[in-house]
Amino acid sequence: MTRMLWLLSMALAAVVAGTASAIYATQTLRPTGMLTIGVWEAVRAVGDASADPYAHAFLASSGQLPPGSAEGMRFVALGSQTNQLLVPNCAVELTGRVDVARLWTLTVTQANGAPLAERDARQTAVHSRDLVYQADGSFSLSIGPQPTAPNALLVRSGLPVAVVIHVYDGAITSLPDSGEAALPFVTVGTDGAGCPA
């Protein structure tokens, strides 16, 4: 009887440890093959059979559908150029260019990649064709409860969010690891409770 209880306790410990390690690996560890451009990160070839299995598991755990290798790439920013979390109530600003593709969409999601609740956002996405550009091809986009830029997404949230740029160009996968391309700079305002000083 004692031996049986010992075996059951060992089996239970193994199940708990295995589950905990799987959750840690899929929600905390960075997948291999990361491409970094400033504050933006993407996983190469996440939509094909050669992708890191932990990258597949990471996306599956967050409910996201990975783009195929010929469907472009998804760049995600979770912080600003000064390592501040992206809190819409503090006014998040994006300025610059998206040189890696001509067609792309920009979406604001929860930090884990899940969609924002309807009560928190009137509009969470914009297509590259719908933006107002400067003469040099750059643009500014404001994310917050009182957006100020010509291009704006009205989002009310005191919690950190992620900004996702999905580029629709299969050639993007040929970019070098050094990220020799341009993506927007991201800044966070200092006005409001809980905003960085």
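Residues numbered from 1 in each chain as written. Predicted model: local features only at pLDDT ≥ 70, side-chain atom pairs only at ≥ 80, totals over all residues. Heavy atoms only, no water.

Novice: Before we go on, may I ask you to explain the overall build of the protein in this structure?
Specialist: Each helix and strand in the protein was counted, giving two helices and 10 strands. Start at the N end of the protein and walk to the C end: the helices and strands fall as α-β-β-α-β-β-β-β-β-β-β-β. By the burial criterion, 38% of the 197 residues in the protein qualify as buried. By sequence separation, contacts in the protein at least 24 residues apart represent 71% of the contacts at least 6 residues apart. Carbon and sulfur atoms provide 58% of the accessible area of the protein, an area that totals close to 11,200 Å². (Helix = DSSP H or I, 4+ residues; strand = E, 2+ residues; numbered from the N terminus. Buried < 20%, exposed > 50% of the residue type's maximum accessible area, 1.4 Å probe, protein only. Contact = heavy atoms within 4.5 Å. Areas by Shrake-Rupley, 256 points an atom, 1.4 Å probe, with all protein chains shown as cover.)

Novice: Please clarify how the pattern of salt bridges should be interpreted in this entry.
Specialist: A side chain with one charge can pair with a side chain of the opposite charge if their charged atoms come near. Using the criterion set out here, one finds one salt bridge in the structure. Between Asp 99 and Arg 97 there is a salt bridge, with its nearest N and O atoms 3.0 Å apart. By relative accessible area, Asp 99 is classed as partly exposed at 43%. Among the residues examined, Arg 97 registers a relative accessible area of 35% and is labelled partly exposed. (Salt bridge = Lys/Arg side-chain N within 4 Å of Asp/Glu carboxyl O.)

Novice: It is not clear to me how the environment of Asp 136 should be interpreted in this structure. Could you clarify?
Specialist: Residue position: Asp 136 is located in the loop between strand S6 (125–127) and strand S7 (139–144). Taking the C-alpha atoms as reference, Asp 136 lies 9.7 Å from Gly 96; in sequence the two are 40 residues apart. For Asp 136, the side chain forms a polar contact with the side chain of Ser 138, separated by 2.7 Å. (Polar contact = N/O pair within 3.5 Å; in protein donor to acceptor, adjacent residues only side chain to side chain.)

Novice: What is the right way to look at the sheet that holds strand S4 (residues 92–96) in this model?
Specialist: In any sheet, the strands associate via hydrogen bonds between backbone groups, in a parallel or an antiparallel arrangement. Pairing within the open sheet is mixed, and its four strands lie in the order S8-S7-S4-S10. With one partner strand each, in any of the chains shown, strand S8 (151–154) and strand S10 (185–188) form the two edges of the open sheet. With strand direction ignored, the average angle separating the axes of adjacent strands in the sheet is 15°. Here four bridges tie S4 to S10, and the two strands are oriented antiparallel to one another. (Pairing = 2+ DSSP bridges. Axes fitted to C-alpha atoms, helices over the stretch in contact; angles between N-to-C directions.)

Novice: Explain the nonpolar core to me, please; I cannot follow it from the model alone.
Specialist: Where a protein is soluble and globular, its nonpolar side chains tend to be buried together. By size, the foremost hydrophobic cluster in this structure holds 36 residues, and its most contacted members are Trp 40 and Phe 75. At the level of elements, strand S1 (34–37), strand S2 (40–43), strand S3 (73–77), S4, strand S5 (104–110), S7, strand S9 (161–167) and S10 are the ones that each hand at least two residues to this core. Take this core: its biggest share by element is four residues, from S9. (Core = buried A, V, L, I, M, F, W, Y, C linked by side-chain atoms within 4.5 Å.)

Novice: Would you explain the packing of aromatic side chains in this entry?
Specialist: Any aromatic ring pair is given by two values, namely how distant the centres are and how the planes are angled relative to each other. Taken as a whole and assessed by the stated rule, the structure comprises two aromatic pairs. A centroid spacing of 6.0 Å and a plane angle of 80° characterise the contact between Tyr 133 and Phe 139, whose relative ring orientation is edge-to-face. Taken together, the aromatic side chains of Trp 104, Tyr 133 and Phe 139 make up a single cluster linked through ring pairs. (Phe/Tyr/Trp six-rings, centres within 6.5 Å; stacked < 30°, edge-to-face > 60°.)

Novice: Any chance you could explain the side chain of Asn 151 here in plain terms?
Specialist: Checked against the element boundaries, Asn 151 lands in strand S8. Overall, the relative accessible area of 5% leaves Asn 151 in the buried class. A polar atom in the side chain of Asn 151 sits 2.7 Å from the backbone nitrogen of Val 132.

Novice: Teacher, can you tell me more about the pairing of S3 here?
Specialist: Each regular strand carries side chains that alternate between the two faces of the sheet. The buried fraction of S3 amounts to four of the five residues, a majority that puts the element mostly inside the structure. As paired strands, S3 and S9 are joined by five bridges and run antiparallel to one another. In the sheet register, Arg 74 faces S9, and the bridge partner there is His 166.

Novice: What is the right way to read a nonpolar patch on the surface from this model?
Specialist: Among the surface-exposed residues, Met 4, Leu 5 and Leu 8 lie close enough to one another that they form a single nonpolar patch of about 320 Å² accessible area. Looking at the secondary structure, you find Met 4 in helix H1 (residues 2–27). (Patch = residues over 30% accessible without salt bridge, like charges linked within 9 Å, V, L, I, M, F, W, Y side chains within 5 Å.)

Novice: Can you help me understand unusual backbone geometry in this one?
Specialist: With glycine set apart, most residues show a phi of negative sign, and most peptide bonds adopt trans. One non-glycine residue, Asn 83, lies in the positive phi region at around 65°. Mapped onto the fold, Asn 83 is located in the loop between S3 and S4. The phi dihedral of Ala 91 is positive, around 70°, even though this residue is not glycine. For Ala 91, the location among the structural elements is in the loop between S3 and S4. Taking relative accessible area as the criterion, Ala 91 reaches 32% and is therefore assigned partly exposed.

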